[in-house]
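Residues per chain are reported as follows:
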Amino acid sequence: MTIYLLGAFLVSLICGLAFTPLILDFCKRKRLYDIPNERKIHKNATPRLGGISFFPSMLTAFFIVLLFTPIVEQDTLPVNIWSAVFLMGLMLIYGIGIIDDLVGLKATTKFAVQIATACLLPFAGLYVNNLYGLFGIHEIPYWLGIPLTVFIIVFIDNAINLIDGIDGLASCLSLIALAGFLVYFNFYSVYIYTYTIIIAGMMGALVAFAYFNLFGKAERNNKIFMGDSGSLSLGFTLGFLAVKCAMDNSNIWPYRPEAIIVPLTLLFVPTADVVRVTMFRLRHHKPLFDADKNHIHHKLMRTGLNQHQTLFVILLLAVWYIVMNGLLYMVLQPTFIVIIDIVLYSLVNMLINKKMKATE
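Residues numbered from 1 in each chain as written. Predicted model: local features only at pLDDT ≥ 70, side-chain atom pairs only at ≥ 80, totals over all residues. Heavy atoms only, no water.

Caption draft 1: Representation of empty space enclosed by the protein within the structure. Per the counting criterion, the structure on display carries one cavity of 30 Å³ or more. By volume, the largest cavity amounts to about 60 Å³. Lining the largest cavity are Leu-173, Ile-176, Ala-177, Thr-265, Leu-266, Leu-267, Phe-268, Val-269, Pro-270, Ala-318 and Ile-322. Residues of the lining of the largest cavity, tallied by class, amount to 10 nonpolar, one polar and no charged. (1 Å grid on protein atoms, 1.4 Å probe; cavity = no way out; pocket = protein on both sides within 12 Å on 5 of 7 lines; lining within 4 Å. Points joined across faces, edges and corners; volume = space filled by probe spheres on them. Nonpolar A, V, L, I, M, F, W, Y, C, P; charged D, E, K, R; others polar.)

Spelled out as structure tokens, the structure:
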């Protein structure tokens, strides 16, 4: 199976490296730039359509691997209704992201489309049906699993969209999460392999984008942002994988008591940041959908760190949660692990706030 994963990654990587220069030229001709303002970090007008390459690159890699598999093996990779519904939902989210990048959409319009798209999965039978003892909750009935699943997908989708505030942050956090899901899924039966191909393809597209985003220069016309077409596509993909991981389905894999803590750990940093920012806006009576500069990357930069230093600190925090939760799981129940995660994140933010005050 490793050869197929590597193949999907490389095909998508090559597609991303080939598509991005074309997107850069298109943005230059049509003058489609992200213009700096008082809320944004960057100083130069920069193309914002980098995420357009994600879905085509991943899809190309996915179908090439599907077509190639029967040539070298007797069996084919299974593609079920959930795979088809996921790709359909991803295409819708990808499309609304492109429209927003090109002409702009109201936050409420995007939110409505996210909810409608998220509803596709539970109606196709994919939903969170077990919390595996988290806060004392085990099996969840279908009528409760539907709204919970929709909430999870929309929440993660917005978390990735909102964390996309400095170079490489959303893409690198997504890469870490995708790599975690890839490793976890790869330990289970053949019915999960289809999703590992999708993950490997998305990772290849992300690496190609990160090259231009992190190392490109706006003045040389080789730097690009992912835009909503990229962040919303990534968020929907990660939301789908989180629900897929958490669902208890004996036809696909055995009962896994760690199934709820895996997605919580892999996506903790971006989701915790959204919760904190939302609570801040509610406490200060600010509109929930208005952009501000209170995300963790903004706060770290106000302590004196530059973009790359801020990126390193946040990625280190994300990796630390993965290592720490992996060790804690051997001795503690998921409920206590989540409580420790929240307390630690609160302490980290208190330290950042203290450092901010010291530098002001």
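Structure shown, so let's carry the discussion forward.
Caption draft 2: Just the packing of helix α6 (residues 142-163) against helix α11 (residues 268-283), in detail. For the pair α6 and α11, interaxial distance at closest approach is 9 Å and the crossing angle is 85 degrees. As judged from the angle between their axes, α6 and α11 are roughly perpendicular. Touching Phe-155, Ile-156, Asn-158, Ala-159, Ile-160, Leu-162 and Ile-163 of α6 are Pro-270, Thr-271, Asp-273, Val-274 and Val-275, all from α11. Tallied by class, residues from the contact of α6 with α11 come to nine nonpolar, two polar and one charged. (Axes fitted to C-alpha atoms, helices over the stretch in contact; angles between N-to-C directions. Helix = DSSP H or I, 4+ residues; strand = E, 2+ residues; numbered from the N terminus. Parallel < 35°, antiparallel > 145°, perpendicular 65-115°, else oblique. Contact = heavy atoms within 4.5 Å.)

Caption draft 3: Representation of the pattern of salt bridges within the structure. Throughout the structure, instances matching the rule amount to four salt bridges. Here Asp-100 makes a salt bridge to Lys-110, at a shortest N to O gap of 3.2 Å. With Asp-100 in helix α3 (residues 81-103) and Lys-110 in helix α4 (residues 107-118), this residue pair connects regions lying 10 residues apart in the sequence. For Lys-110, a relative accessible area of 15% gives the class buried. Overlapping salt bridges bring together Asp-100, Lys-110 and Asp-228 as one network. (Salt bridge = Lys/Arg side-chain N within 4 Å of Asp/Glu carboxyl O. Buried < 20%, exposed > 50% of the residue type's maximum accessible area, 1.4 Å probe, protein only.)

Caption draft 4: Focus on the side chain of Ser-53. Looking at the element boundaries, Ser-53 is found in the loop between β2 (46-47) and α2 (54-72). Relative accessible area serves as the criterion here: at 1%, Ser-53 is assigned to the buried category. In this structure, Ser-53 is in contact with Phe-19, Thr-20 and Ile-23, ignoring residues within four places of it in sequence.

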